[in-house]
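# Summary of the model geometry
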Amino acid sequence: MEENKLKIHDGKLAVPENITIPFITGDGIGREIMPVCQATVNAAVAKAYGGSRSVIWKEASAGEKSFLESGEWLPEATLKMFDEYLIGIKGPLTTPVGGGIRSINVALRQKLDLYVCLRPVRWFNGVFTPLKEPWNVNMTVFRENTEDIYAGIEWDKDTPEARKFLDFLRSEMNVTKIRFPESSAFGVKPVSEEGSKRLVRSAIRYASDNHLPNVTLVHKGNIMKFTEGGFKRWGYEVAEEEFGSAVFTMAEYERIRKAQGKDAAKQALADAEKSGKIIIKDVIADAFLQNTLLKPEEYSVIATLNLNGDYISDQLAAMVGGIGISPGANINYLTGHAIFEATHGTAPDIAGENRANPSSLLLSAAMMLEYIRWDKASELITNAMEQCFTEGNATSDLSSFMPNGKNLSTTQFQQALIEKMN
């Protein structure tokens, strides 16, 4: 029914009390973890709102199941459904090998222009990690989703396209520093001012809405001056031009340092922190990866390009217990479209054995509930999960590393969560 659809008016979401949410079950373990996710969400919503709100689940077809039934990995009807209902959630999907669609996940993100890959990372008490102080890791990664390597512009070696591109580089662009030109494959990495600014803009707004102290632009601009370096430059521009006195940028710090000296710059930074301004800073990607291990408490919101974000989000996930408890979403804050997802693969080796960990999908569902401002239901899920982990109740991938670990099946973990919520 029309009234069950999420809508956006004047940039704000209008959420019905009984909301229809499309879902893609997913391949492999998706068939086990999606029902667990739905049952847990239903229980949390019922508990939080006493039956006055509910989720109406609407299945959408994609992945291996869809291909076997219709010959399409991602049917047009599924794209239309997610476009129409604005939000949705999906389990892990198989990436076709050898032909067909390059990646279903990438196709969904690009066709709906879901330009933010949002990956919050935090530690849950009771979960084993390689860090001595994992509680210091609490970051949210804004990874650009539509440019950089995700644009997929490349040509294999020894193809007419590669030879044509090489000839263009030589004859038109005077490029002479390709070490082995005749045996090289080529790729193009587009990074735009518009794409960079809307990503950083979303990250700063998120920091402001959630009262977070800083946003860090992570880049490799020391080597790639105009793409990664452009991302850094445009990020500072959007911060200063659109957020003004609400932020203090390290670009401004450098201007003060050069004009008035280091002490004056340090004082300006200290004053900005004291007054509650959001500090906008930047760091080279490789240094950032080191810093997250040595001083993770210095970072709260991260804004970065696609490839950097891939490395960063997976490293941070490993630091707090692994990708099995790492949630994710793909969002367009302008149109309201958002797809929440399990961040791991289909795990065909354990599919059907009732031992898959549903935590990534469950935490993504909690993000979805936060997105529609059903915060009480979201908190019920995350609090119940932390209580279970603290007591050692988890699926075997986590419990086997816990001193008091108790191996639970996928469905037993669902039951434990719902019992905690009730």
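Residues numbered from 1 in each chain as written. Predicted model: local features only at pLDDT ≥ 70, side-chain atom pairs only at ≥ 80, totals over all residues. Heavy atoms only, no water.

What the protein contains, in helices and strands, is 15 helices and 17 strands. Relative to the globule expectation of 22 Å for 422 residues, the C-alpha radius of gyration of the protein, 23 Å, shows essentially globular dimensions. C-alpha extents for the protein along the principal axes are approximately 60 × 60 × 50 Å. Across the 422 residues that make up the protein, the buried fraction comes to 52%. (Helix = DSSP H or I, 4+ residues; strand = E, 2+ residues; numbered from the N terminus. Rg over C-alpha atoms; globule rule 2.2 N^0.38 Å. Buried < 20%, exposed > 50% of the residue type's maximum accessible area, 1.4 Å probe, protein only.)

This paragraph deals with the pairing of strand 13 (residues 301-304). Both faces of strand 13 are covered, namely the face carrying Val-301 and Ala-303 and the face carrying Ile-302 and Thr-304. By the bridge criterion, four bridges tie strand 7 (residues 138-144) to strand 13 in an arrangement that is parallel. What sits directly across from Val-141, in strand 13, is Ile-302. Here four bridges tie strand 10 (residues 214-219) to strand 13, and the two strands are oriented parallel to one another. Across the sheet, the residue bridging to Thr-216 is Ile-302, located in strand 13. (Pairing = 2+ DSSP bridges.)

One open sheet holds the 11 strands; their spatial order is 4-3-5-15-14-6-7-13-10-12-11, and the pairing between them is mixed. Whereas interior strands pair on both sides, the edge strands pair on one side only; in this sheet they are strand 4 (54-59) and strand 11 (247-249). Neighbour-to-neighbour, the strand axes of this sheet turn through a mean angle of 25°, independent of strand direction. Here helix 3 (residues 76-85) sits on the sheet in contact with strand 3 (18-24), strand 4, strand 5 (87-90) and strand 15 (338-342), set at roughly 150° to strand 3. (Axes fitted to C-alpha atoms, helices over the stretch in contact; angles between N-to-C directions. Contact = heavy atoms within 4.5 Å.)

The next point concerns helix 6 (residues 193-209). Taking 1.5 Å of rise per residue, 17 residues should cover 24 Å, and helix 6 covers 24 Å from first to last C-alpha, within 8% of that figure. Those residues of helix 6 not exposed but buried are Gly-195, Ser-196, Lys-197, Arg-198, Leu-199, Val-200, Arg-201, Ser-202, Ala-203, Ile-204 and Ala-207. At the exit of helix 6 stands His-211, carrying a positive phi of roughly 55°. (Expected span 1.5 Å × (residues − 1).)

The two faces of a sheet get side chains in turn, since along a regular strand they alternate between them. What you see with strand 5 is no split at all: Ile-87 and Ile-89 on one side and Gly-88 and Lys-90 on the other are buried throughout. When strand 3 meets strand 5, the two strands line up parallel, connected through two bridges. Opposite Phe-23, over in strand 5, you have Ile-89 as the bridge partner. Sheet topology places strand 5 next to strand 15; four bridges connect them, and they run parallel. Within the sheet, the bridge partner assigned to Ile-87 lies in strand 15 and is Ala-338.

On to the nonpolar core. Within the largest apolar cluster, 96 residues are counted, with the highest numbers of intra-cluster contacts made by Val-41, Ile-87, Ile-89, Ile-204, Val-215, Ile-280 and Phe-389. In this structure, Val-215 is in contact with Ala-203, Ile-204, Ala-207, Ile-278, Ile-279, Ile-280, Lys-281, Val-301 and Ala-303, ignoring residues within four places of it in sequence. Core analysis: the second largest hydrophobic core is formed by 16 residues, Ile-24, Ala-60, Leu-74 and Leu-79 among them. (Core = buried A, V, L, I, M, F, W, Y, C linked by side-chain atoms within 4.5 Å.)

So, about the pattern of salt bridges. Scanning the entire structure with this criterion turns up 23 salt bridges. The salt bridge partner of Lys-65 is Glu-59, with a shortest N-O separation of 3.7 Å. Take Lys-65: its relative accessible area is 44%, and that puts it in the partly exposed class. Looking at Glu-59, the relative accessible area reads 42%, which means it is partly exposed. Here Glu-341 makes a salt bridge to Arg-109, at a shortest N to O gap of 2.9 Å. A residue pair is termed long-range when its members are at least 10 positions apart, and Glu-341 in strand 15 and Arg-109 in helix 4 (residues 104-111) qualify at 232 residues. Relative accessible area serves as the criterion here: at 6%, Arg-109 is assigned to the buried category. Each of Lys-90, Arg-109 and Glu-341 takes part in salt bridges that share partners, so that together they form one network. (Salt bridge = Lys/Arg side-chain N within 4 Å of Asp/Glu carboxyl O.)

Once that is clear, we can look at helix 3. Along helix 3, the residues classified as buried are Thr-78, Leu-79, Met-81, Phe-82 and Tyr-85. One side of helix 3 holds all its buried residues, which, seen down the axis, span an arc of 160°. Residues of helix 3 that are exposed and angled more than 90 degrees away from the buried face: Ala-77 and Lys-80. Where the residues of helix 3 are buried, they touch strand 3, strand 4, strand 5, helix 4 and strand 15. Phi for Leu-86, located one or two positions after helix 3, is positive at around 70°. (Arc of directions from axis to C-beta.)

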